[in-house]
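Each chain, written out:
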Amino acid sequence: MALVLNTTPGNYYSAHDNLIFVAYESVKATDPNTYVDYKYICDVYINGTREARLKAVPNPDNYRGIFDISTVVRNAVANQFNPTLSQIRADQKGAGYWFVDVQCKFGEEYNSVIYLNVLEDSTRRYYNHYNGRLLGTLTNLTPYADKPITNRPTTGSANINDTAIFVPFWPTDTDTVTVRVRTYNGGSLITSVTSDFTPAAADTMQLFNVAPAAINAIHSNTIVSSTEYYTVEFLSPNITGEDVYRFDLVCYPKFEPVAVTFLNKLGGYDTFVMRLANRQQYEITKKEFRQNKYSVDSGGSVSFRTGNVYREQGKTFSSQYREQLTANSDWLTDAEYQWLGELVFSPEVYIQQGSYFIPARIKQTNYQPKQYVNDQLTQLEVTFDYSDQFNTQYR
């Protein structure tokens, strides 16, 4: 009987979960006398290049060859955050970042001879998201096709001076995506503007910047001081009933806002602004050596000081520090608490400083979503540890 595949990964699977192929050859795998030392072979090709050759002996219970290629695939996915702040479409990301295309070719080995490409599977696309706990499905990505790939609540806040509020969108083809912005005062529509964007290729994630400064850079004077709130819609011909995101204009003049952009659960970049009190602090590491608190010169005289300066007994020869920032959010809803768990879990976080984005990591190692029924209105406090380390003078 020919080599066949009993199981393959499905559509929209995560590159970071199990990606299992099950191969079966009913004759050779079950006849170890004729086909000595029989093994299944799986060659993993990424972008046309063979990245790995995996071998599996037949499972003793069912004679299948079982391959989990996820460890190979996830190494081919990279994250890259490099937005253009002055544009509504700040960036696009496709192959190698948002997804990776993989083909597996299966063969056999027996009697010390290898037979390659006996069976070639179709090219499959795996995505840079993670699932967490799933119920009744094997991927959480399917519902987001041709929609924003974010769990951001549809109501949030913005300041007229904000320059970055990122919302990622996933078009499955190259149909035009329209971003529609409407501004309101007292519930009355002030103005409505649209921008059309054509994806570079199918499945190319679009990173949209819906901050007031980015919108005004393209549509002058759309969001002005009289604006009470504005809404953003992402319109695609492939879906109907799109979510409408509302941003209420707020201002807290006492505090400097901390804009945090992070890689979210679905593989896109989200922004959340911590608008209340924030405090900077430093984690300092010092190294020293000990010496006599006196010196003896060539004539045998003992001295504890040079002029009016006493000799150091403990001498710091290395002083290094890391910057940390503790920031506080406004009062959060239950939905915001659920969404911001993705910020705390995220392996990639940036703090915006002017037009620059500084990498940071979050110090918290646990997270408890609050609920209004249990905790009433509460805030979230997060401590960020900047990833770089600075040296003072060496001695």
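Every value quoted in this text rests on a predicted model; they were computed, and no experiment measured them.

**Re the pattern of salt bridges**
Applying the stated criterion across every chain yields a total of 17 salt bridges. Note that R180 and E233 form a salt bridge whose closest N and O atoms lie 3.0 Å from each other. Remark: E233 occurs in strand β17 (residues 229-235) and R180 occurs in strand β14 (residues 177-185); sequence separation between them is 53 residues. Residue class for E233 comes out buried when judged on its relative accessible area of 9%. The closest approach of N and O atoms between D385 and R322, which form a salt bridge, is 3.3 Å. Of this pair, D385 sits in strand β29 (residues 381-386) while R322 sits in strand β26 (residues 314-328), and the two are 63 residues apart along the sequence. This pair shows no difference in class: D385 is buried, exactly as R322 is.

**What about the packing of aromatic side chains?**
Tallied over the full model, the rule gives 30 aromatic pairs. The interplanar angle of 75° and the centroid separation of 5.6 Å between the aromatic rings of W98 and W170 together place this pair among those described as edge-to-face. Linking W98 in the loop between β7 (89-93) and β8 (99-110) with W170 in strand β13 (residues 166-170), this pair joins segments that are 72 residues apart in sequence. We classify W170 as buried; its relative accessible area is 0%. Following the ring pairs from residue to residue traces out a cluster consisting of Y12, W98, F99, Y127 and W170. The cationic tip of K105 hangs over the ring face of Y45; the distance from NZ or CZ to the ring centre is 4.4 Å. Across the ring face of F99, the terminal group of R125 is positioned such that the distance to the ring centre comes to 3.8 Å.

**As for the pairing of strand β18 (residues 244-249)**
Two strands pair when backbone bridges link them, and strand β12 (residues 155-158) and β18 are joined in this way by four bridges, in the parallel orientation. Opposite A158, over in β18, you have L249 as the bridge partner. Direction of pairing for β17 relative to β18: antiparallel, over a ladder of five bridges. Directly across from Y230, in β18, lies its bridge partner F247.

**So, the environment of D243**
Along the chain, D243 falls in the loop between β17 and β18. Residue D243 is classed as partly exposed on the basis of its relative accessible area of 44%. When the C-alpha atoms of D243 and T34 are compared, they prove to be 62 Å apart, with 209 residues separating the residues in sequence. Discounting chain neighbours no more than four positions away, the residues touching D243 are T154, V232 and E233.

**With respect to unusual backbone geometry**
Although it is not a glycine, N47 adopts a positive phi angle of roughly 55°. Tracing the backbone shows N47 in the loop between β4 (39-46) and β5 (49-56). With a relative accessible area of 63%, N47 lands in the exposed category.

**Considering the sheet that holds β12**
Here five strands make up an open sheet; going across it, the order is β12-β18-β17-β14-β15 and the pairing mixed. Across the chains shown, the open sheet's two edge strands, defined by having one partner strand only, are β12 and β15 (188-197). Between one strand axis and the next, the sheet turns through 25° on average, direction left out of account.

**Re the sheet that holds strand β1 (residues 4-7)**
Pairing is antiparallel across the open sheet formed by three strands, whose spatial order is β1-β3-β6. Looking along the sheet, the strands with just one partner apiece sit at the ends: β1 and β6 (65-68). Neighbouring strand axes in the sheet, compared pairwise and without regard to direction, differ in orientation by 30° on average. As paired strands, β1 and strand β3 (residues 20-24) are joined by three bridges and run antiparallel to one another. Considered in β3, the bridge of L5 is made with A23.

How each quantity is defined
- Residues numbered from 1 in each chain as written.
- Predicted model: local features only at pLDDT ≥ 70, side-chain atom pairs only at ≥ 80, totals over all residues.
- Heavy atoms only, no water.
- Salt bridge = Lys/Arg side-chain N within 4 Å of Asp/Glu carboxyl O.
- Helix = DSSP H or I, 4+ residues; strand = E, 2+ residues; numbered from the N terminus.
- Buried < 20%, exposed > 50% of the residue type's maximum accessible area, 1.4 Å probe, protein only.
- Phe/Tyr/Trp six-rings, centres within 6.5 Å; stacked < 30°, edge-to-face > 60°.
- Lys NZ or Arg CZ within 6 Å of the ring centre and 35° of its normal.
- Pairing = 2+ DSSP bridges.
- Contact = heavy atoms within 4.5 Å.
- Axes fitted to C-alpha atoms, helices over the stretch in contact; angles between N-to-C directions.

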